[in-house]
2 protein chains.
Amino acid sequence: MTQPQSVGVVTPQRLRFTEPLALRSGGRLDEYELVYETYGELNAARSNAVLVCHALSGSHHVAGHYADAPNNIGWWDNLVGPGKPLDTRKFFVIGVNNLGGCYGSTGPASVNPATGQPYGAEFPFVSVEDWVESQARLADALGIERFAAIVGGSLGGMQALSWTLLYPDRVGHAVVIAASPKLSAENIAFNEVARQAILTDPDFHGGNFYAHGVVPERGLKLARMVGHITYLSDDAMAEKFGRSLRHGKQVFSYDVEFEIESYLRYQGKKFAGYFDANTYLLTTKALDYFDPAFEHAGNLNAALAAAQADFLVVSFTTDWRFPPERSREIVSALMHNRRHVSYAEVECAAGHDSFLLDDAQYHGVLSAYFDRIEVR
Amino acid sequence: MTQPQSVGVVTPQRLRFTEPLALRSGGRLDEYELVYETYGELNAARSNAVLVCHALSGSHHVAGHYADAPNNIGWWDNLVGPGKPLDTRKFFVIGVNNLGGCYGSTGPASVNPATGQPYGAEFPFVSVEDWVESQARLADALGIERFAAIVGGSLGGMQALSWTLLYPDRVGHAVVIAASPKLSAENIAFNEVARQAILTDPDFHGGNFYAHGVVPERGLKLARMVGHITYLSDDAMAEKFGRSLRHGKQVFSYDVEFEIESYLRYQGKKFAGYFDANTYLLTTKALDYFDPAFEHAGNLNAALAAAQADFLVVSFTTDWRFPPERSREIVSALMHNRRHVSYAEVECAAGHDSFLLDDAQYHGVLSAYFDRIEVR
């Protein structure tokens, strides 16, 4: 067994699309750009491509690092590379920043050609299905008719699932990790708190903060803090922070006192320094709206009837955001439709964020699954 | 069996205390007032008094209504009254607004005699133990040497527990409902998000918003919204709101779309209209700090060794804020100390808020317990 390696230095690429994209919201983008990265080599048969879909705060930068920023390592670098579960000696892996994002693809901070100003609040609502559509166009441009696999965690898993419904004959395998067939009322509630934090921040300026030279930092920070709580398990938080006091004793102040406060404030502040508030809003709405059964009167069996891919569905025992029950709903509906489904419920203490971690059982499952995918 | 009745019209009372109160935080109140209500009659032996301690947003107004506000019904009216589980034909029940509150007892919005201005940020941190101390002085003033019972849910349950440790011989029975011996890291994390929402609201003005004629409404609203999510169970939210759409279809807007959004915004806005932001901050800190085992090197058995009361501990299966495990920690430590403990784990779908509801099993347990308390 060879030692897993990094894909090394990578370079983002950019494609411009000029065919208008009609969106589920009724909106439309006349033209747009997608930023993406690729790892490994597309084989002659163009049959070894794997698309990695990102979650709320992810990007196209899935693996490797940049020549001028060696510490900027891809968010799923532990998964993708030579000798890693998603082995780039076998697969041609693609990461793409979703439309509406803030890492280079056309989004709210991009200049609206119609006005010469940043889109801001004018950027149309984008849905999981719109992302799939734009990713399909990217695949067309790269000459990929059919993906060996499409993989994603959380919101990324929803995109993988959606792909199998919108383009059943273009997906060999779908790997749907820590996802859900739709958000619960509680999930929506947390998203709504995050949105209200941003929308009511005076520095948000109705979404057109770019023109004011400010960002709604307070709102974004709060949004990230509340999000972060839902990404971790109660146990993981207890183990990592417990009730540890920064100063070893109670100091009676609103400054950081418990270590968990320090962690959340740090995460929130950091996030507010680089993430776009409008992207956050748009992405939480895409999450809320995702519900393939909606047009089938809530019948998930009917909704997933279109899928032709083989599936690997993975959940984590301590994930209370999208708990195993939600993954099992997907599995059950796929089984009902006689799809080939593998399902793994991984015991990992880290909660929803487990999908990003290098857990032995989890990566073992992924390795075994990717290994058996035939690429000819 | 007689039909349960309301205690009817009630009138808040007020007592002024001029003996300085030294607080755990090192702060001190030279004088203060407590607002309270009583229901039923104190018997000749002064042996039938029950103290009801309130939680984060509660008050002294536990039961009945006001002559000039018939719709302003006490927050635990379903529990307290003639023929109700806490029967006012047998017991003399007292509700008191805690120090630092915003319902009439001395708090951050009160005038600081030293400055002639509202205390605002100058109001000292108050702890569960400080509340117990002030409640003991109220009991002294009312001629109550020993309570037949002290009862509370959530933060109120923590006060009941604390009473048994600080004044073991003044509590006959402690009824500790939906409480915890200390907050978890996740509990603290949610409180911290709420606090940051308030502290970073530009209208907070460092706690001295009174002088500016504003209230940090956005921050308070967010704090209440995030709090509310933790008070309900995932299932209760699903049953009550599900993914119901306000307009029956997706409208692609940041206005209210899902019913759960409408509910949370309404609750948040209403709360921000009457609750004091400084009280919210102080109370969440009192919650965070509560940890009777802290001075016993984390040993809860040792911490609860002082208790002499009999106990009823109640938890709710769907309470994920203070889940049954946390109540069982209290039960276990009391059993270790050979206390008389009854424990009920009630199947109620409503989550943490179950303690406020008129659930048959829950109220049955309380009725049976209060019925067997001897009052002579």
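What counts and what doesn't
Residues numbered from 1 in each chain as written. Chains lettered and ligands numbered in written order. Predicted model: local features only at pLDDT ≥ 70, side-chain atom pairs only at ≥ 80, totals over all residues. Heavy atoms only, no water. Helix = DSSP H or I, 4+ residues; strand = E, 2+ residues; numbered from the N terminus. Rg over C-alpha atoms; globule rule 2.2 N^0.38 Å. Buried < 20%, exposed > 50% of the residue type's maximum accessible area, 1.4 Å probe, protein only. Contact = heavy atoms within 4.5 Å. Lys, Arg positive; Asp, Glu negative; His and termini not counted. Charge placed at Lys NZ, Arg CZ, Asp CG, Glu CD. Pairing = 2+ DSSP bridges. Axes fitted to C-alpha atoms, helices over the stretch in contact; angles between N-to-C directions. Polar contact = N/O pair within 3.5 Å; in protein donor to acceptor, adjacent residues only side chain to side chain. Expected span 1.5 Å × (residues − 1). UniProt positions renumbered as here; feature names shortened; annotations may be inferred. Least-squares fit on C-alpha atoms with pLDDT ≥ 70 in both. Buried area = accessible area lost by both parts, 1.4 Å probe. Salt bridge = Lys/Arg side-chain N within 4 Å of Asp/Glu carboxyl O. Nonpolar A, V, L, I, M, F, W, Y, C, P; charged D, E, K, R; others polar.

It is worth spelling out the overall build of chain A at this point. Check the secondary structure of chain A and you find 10 helices and 14 strands. Scaling as 2.2 N^0.38, a compact globule of 376 residues should have a C-alpha radius of gyration of about 21 Å, and chain A matches this with 20 Å. The dimensions of chain A, computed from C-alpha atoms along their principal axes, are 65 × 50 × 50 Å. Per-residue burial over chain A gives 61% buried out of 376 residues. In chain A, of all internal contacts separated by at least 6 residues, the share reaching a separation of at least 24 is 72%. Side chains of chain A give 31 positive and 43 negative charges; the mean places of these two sets differ by 1 Å.

Let us now look at the environment of A:Glu259. Residue and element names in this part refer to chain A. Topologically, Glu259 is positioned in helix H6 (residues 259-274). With a relative accessible area of 25%, Glu259 lands in the partly exposed category. As for Glu259 and Arg246, which are separated by 13 residues in sequence, their C-alpha atoms are 5.7 Å apart.

A separate point is the sheet that holds strand S11 (residues 147-153) of chain B. Residue and element names in this part refer to chain B. If you trace the 8 strands from one edge of the open sheet to the other, you get S1-S4-S8-S5-S11-S12-S13-S14, paired in mixed fashion. Since the sheet does not close on itself, it has two edges, and those belong to strand S1 (13-17) and strand S14 (341-346), each with one partner. Adjacent strand axes in the sheet meet at a mean angle of 20° when their direction is disregarded. Looking at chain direction, S11 and strand S12 (residues 171-177) are connected through 6 bridges and run parallel. Residue pairing for S12: Gly152 is matched across the bridge by Val176.

Moving on: the side chain of B:Asp201. Note that B:Asp201 resides in the loop between helix H3 (185-199) and helix H4 (217-231). A distance of 2.9 Å separates the side chain of B:Asp201 from the backbone nitrogen of B:Gly219, its partner in a polar contact.

On to helix H2 (residues 155-166) of chain A. All names here are of chain A. Look at H2: 16 Å from first C-alpha to last across 12 residues, which is about the 16 Å you get at 1.5 Å a residue. The buried fraction of H2 is high, at 11 of 12 residues. Of all the residues in H2, the buried ones are Leu155, Gly156, Gly157, Met158, Gln159, Ala160, Leu161, Ser162, Trp163, Thr164 and Leu165.

Here we take up the UniProt feature "domain: AB hydrolase-1" (unreviewed entry) in chain A. Within this numbering scheme, the UniProt entry marks residues 48-357 of chain A as carrying the feature "domain: AB hydrolase-1" (unreviewed entry). Between the end C-alpha atoms of residues 48-357 of chain A there is a gap of 25 Å, over a span that is 35% helix and 15% strand.

Overlaying chain B on chain A yields an RMSD of 0.0 Å, the required transformation being a rotation through 180° with an accompanying axial translation of 0.0 Å. Between the two chains, the operation in question is that of a two-fold axis. Taken together, the interface assignments show that 100% of the residues at the interface of chain B recur at the interface of chain A, consistent with an identical surface on both copies.

On to the interface of chain B and chain A. The figure often quoted for interface size is the accessible area lost as the parts come together. Contacts between the two partners involve 55 residues from chain B, matched on the other side by 56 residues from chain A. Of the roughly 4,800 Å² buried at the junction of chain B and chain A (both faces included), carbon and sulfur atoms supply 68%. Its largest share of buried area at the contact with chain A, chain B owes to B:Arg243, B:Phe252 and B:Tyr254, together 17% of the area lost on that side. Linking A:Arg243 and B:Asp291 is a salt bridge whose minimum nitrogen-to-oxygen distance equals 3.4 Å. At the junction of chain B with chain A, the criterion picks out 22 residue pairs in polar contact (both at pLDDT 80 or more). Elements supplying a minimum of two residues to the side of chain B that touches chain A: H3, H4, helix H5 (234-240), helix H6 (259-274) and helix H7 (277-289) of chain B. Broken down by element, the side of chain B that touches chain A gets its largest block of residues, 11 residues, from H3(B). Within the side of chain B that touches chain A, the residues separate by chemical class into 30 nonpolar, 10 polar and 15 charged.

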